[in-house]
Amino acid sequence: MPSGVMAQNIALLIHSKQKQQQQQQQDLKSQQDVTFACHHTSHLLLHEHDAFTHLLQMKKPLIISTANEYDKTNGIHVPPARFEDVMHTFKSLEQQGEDNDDATKVISTLILELPHREIGGKCTPWDDVLQIKQFLKDQNIAFHCDGARLVEAAAGYGLSLPEVAQPFDSIYISFYKGLDSIAGAMLLGNKDFCDEARIWLRRFGGNLCTLLPYAVSSWDGYRKHTLVDDDDDMTSTTKIVSFQEKQRKLTRIVQQLSSDAVVKKYIAFDPPTPETNMLHVYLKASKEHCEKARDETMIQTNIRVFHRIREVFSKGHPACDIGNFQCYLELTMGDGNVGLEDDVFLEGWKTFASCLSKLE
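Novice: Go over empty space enclosed by the protein, please, and point to the residues and values.
Specialist: Per the stated rule, a full pass over the model turns up 2 cavities of 30 Å³ or more. The volume enclosed by the largest cavity comes to roughly 40 Å³. Lining the largest cavity are His39, Ser42, Ile111, Leu112, Glu113, His116 and Asp146. The dominant element in the lining of the largest cavity, judged by the number of residues it contributes, is strand β3 (residues 107-113), at 3 residues. Considering only residue class, the lining of the largest cavity consists of 2 nonpolar, 3 polar and 2 charged.

Novice: I'd love a proper account of the environment of Phe36, names of residues and values included.
Specialist: Along the chain, Phe36 turns up in strand β1 (residues 35-39). For Phe36, a relative accessible area of 0% gives the class buried. The contacts of Phe36, once residues within four sequence positions are left out, are Leu12, Leu44, Phe52, Met58, Pro61, Leu62, Ile107, Thr109 and Ile111.

Novice: An account of helix α13 (residues 287-301) is needed here, citing residue identities and associated values.
Specialist: In a regular helix each residue adds 1.5 Å, so 15 residues correspond to 21 Å; α13 covers 21 Å between its end C-alpha atoms and thus fits that length. Buried within α13 are the following residues: Cys290, Ala293, Arg294, Thr297 and Thr301. Along the axis of α13, the buried positions cluster into a sector of 105°, meaning they face one direction only. With respect to the buried face of α13, the exposed residues turned more than 90 degrees away are Glu288 and Ile299. Looking one or two places after α13, you find Asn302, whose phi comes out positive at around 65°.

Novice: Account for the state of the cysteines, naming residues and giving values.
Specialist: By the definition in use, this model includes 0 disulfides. Looking at Cys290, it has no disulfide partner, and the nearest cysteine sulfur is the one in Cys327, 4.6 Å off.

Novice: Could you give an account of the environment of Met6, with specific residues and numbers?
Specialist: With respect to the element layout, Met6 can be found in helix α1 (residues 4-25). Met6 sits in the buried class, given a relative accessible area of 15%. In this structure, the C-alpha to C-alpha distance between Met6 and Gly206, residues 200 residues apart in sequence, is 7.9 Å. Apart from the residues within four sequence positions on either side, Met6 is in contact with Met1, Leu201, Phe204 and Gly206.

Novice: For unusual backbone geometry, give the residues involved together with the corresponding values.
Specialist: Here Leu114 and Pro115 are connected by a cis peptide whose omega angle stands at -10°. The residue Asp180 is not glycine, and still its phi comes out positive at about 65°. Tracing the backbone through its elements, the reader meets Asp180 in the loop between β5 (170-174) and β6 (185-188). Residues other than glycine seldom take positive phi values, yet Asn302 does so here, at roughly 65°. Tracing the chain through its elements places Asn302 in the loop between α13 and β9 (310-311).

Novice: Now, about the side chain of Thr35: what can you tell me, with residues and values included?
Specialist: Positionally, Thr35 belongs in strand β1. Overall, the relative accessible area of 2% leaves Thr35 in the buried class. Within polar-contact distance, the side chain of Thr35 engages the backbone oxygen of Lys60 at 3.5 Å. Residues within four places of Thr35 in sequence aside, it is in contact with Met58, Lys59, Lys60, Pro61, Val106, Ile107, Ser108 and Thr109.

Novice: A description of the layout of surface pockets should follow, citing residues and the corresponding values.
Specialist: Estimates place the volume of the largest pocket at around 980 Å³. Forming the boundary of the largest pocket are 37 residues, of which Glu330, Leu331, Thr332, Met333 and Asn337 lie nearest the centre. Of all elements in the fold, only α11 (243-258), β8 (278-283), β10 (327-332) and α15 (342-357) reach the threshold of two or more residues within the lining of the largest pocket. Looking at which element gives the most residues to the lining of the largest pocket, the answer is β10, with 5 residues. When the residues that make up the lining of the largest pocket are grouped by side-chain class, the tally is 16 nonpolar, 9 polar and 12 charged.

Novice: Mind laying out the sheet that holds strand β7 (residues 267-270), listing which residues take part and the relevant values?
Specialist: With antiparallel pairing, the 4 strands of this open sheet are ordered in space as β7-β8-β10-β9. Each having just a single partner strand, β7 and β9 make up the two edges of the open sheet. In this sheet, β10 lies alongside β9 in antiparallel orientation, the contact comprising 2 bridges. Its bridge partner being in β10, Arg310 is matched across the sheet by Tyr328.

Novice: Describe the pattern of salt bridges, naming the residues involved and giving the relevant values.
Specialist: Side-chain pairs of opposite charge can arise where the charged atoms are in close proximity. With the rule as written, the count across this model stands at 17 salt bridges. Its salt-bridge partner being Glu288, residue Lys292 comes within 3.4 Å of it at the nearest N-O pair. With Lys292 and Glu288 both in helix α13 and 4 residues apart, this pair spans about one turn of that helix. Sharing partners across several salt bridges, the network here consists of Glu245, Arg248, Lys249, Arg252 and Asp342.

Novice: Give a detailed account of the sheet that holds strand β2 (residues 62-64), specifying residues and quantitative values.
Specialist: Reading across the sheet, the 6 strands line up as β2-β1-β3-β4-β5-β6 and stay open at both edges, with mixed pairing between neighbours. Lying at the two open borders of the sheet, with one neighbouring strand each, are β2 and β6. Along the sheet, successive strands turn relative to each other by an average axial angle of 20°, direction set aside. Bridge count for β3 against strand β4 (residues 142-146) is 5 bridges, and the pairing is parallel.

Procedures and definitions
- Residues numbered from 1 in each chain as written.
- Predicted model: local features only at pLDDT ≥ 70, side-chain atom pairs only at ≥ 80, totals over all residues.
- Heavy atoms only, no water.
- 1 Å grid on protein atoms, 1.4 Å probe; cavity = no way out; pocket = protein on both sides within 12 Å on 5 of 7 lines; lining within 4 Å.
- Points joined across faces, edges and corners; volume = space filled by probe spheres on them.
- Helix = DSSP H or I, 4+ residues; strand = E, 2+ residues; numbered from the N terminus.
- Nonpolar A, V, L, I, M, F, W, Y, C, P; charged D, E, K, R; others polar.
- Buried < 20%, exposed > 50% of the residue type's maximum accessible area, 1.4 Å probe, protein only.
- Contact = heavy atoms within 4.5 Å.
- Expected span 1.5 Å × (residues − 1).
- Arc of directions from axis to C-beta.
- Disulfide = S-S within 2.5 Å.
- Polar contact = N/O pair within 3.5 Å; in protein donor to acceptor, adjacent residues only side chain to side chain.
- Pairing = 2+ DSSP bridges.
- Salt bridge = Lys/Arg side-chain N within 4 Å of Asp/Glu carboxyl O.
- Axes fitted to C-alpha atoms, helices over the stretch in contact; angles between N-to-C directions.

Written as structure tokens, this is what we have:
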């Protein structure tokens, strides 16, 4: 597939049509429009201009909500989707109608992102993934994985890719993110699913006259990042560090920075212990001060700690309400920076925090 947006909308379309066929076979008196369920940070909600409505004519999705009030001492922590959240959300939907089966009639698919990119690369606990799978199977609801960074998630779980893929009815994987290819995506499912996906690929205009440059780049990135381990004997020009080692390196750096008094005053990491090779960095300073401190850090150390940052706009965001953080950024340990010594990261961020302290 040329893009993940196309891949996931095709997956939704196929699963929704299967749900409608189930309704017809059950001879329901009033066939209902189907939709899907997802976490509130899903890419389909935040970055696709409601493609599911405008292209697929699907109504607003069911948002997976939290079952309990989370302990606010966790500060900026926003949890990933869990089994109890799924159960709480479905029960809430059932209670809104007279028919307790309404939820399972209108939901064709539950989308689970692994890892959750918008909340710092957190992963749904694996036991929860398996419980969600069983619940959906019992309810005849498809289980789709937004696995744009599934290879990174597998490393975080300590599982193989086949093991992580097993619970899902369909999976999307991006080639251009962690796998570092030019562009493109992979959509996986059983044979019938893939046969139909190929038809919809043409209907969506995704059958370009040639995909060779993308295919070659994608296969190269997939091979290098999924068939490598830390003990592989590769030359210095081809050595690819595994996602497990990238996560371990990021964890070491975060642990040391979190123990520094000046760093702790201005910076927090979410999650506090990386669950993959990425996380979010929250800053207790204005965007203007953060950029000034970054530039001063470059002058003093020749180290650029970040390229860009985002302001935390909403007062409803936990970072505003609890931690008084004003900005945040995504920090990923990738092929471009994993080769730097740990001390480079430590010096850069400690100097940055020191520069912030002087701007107060």
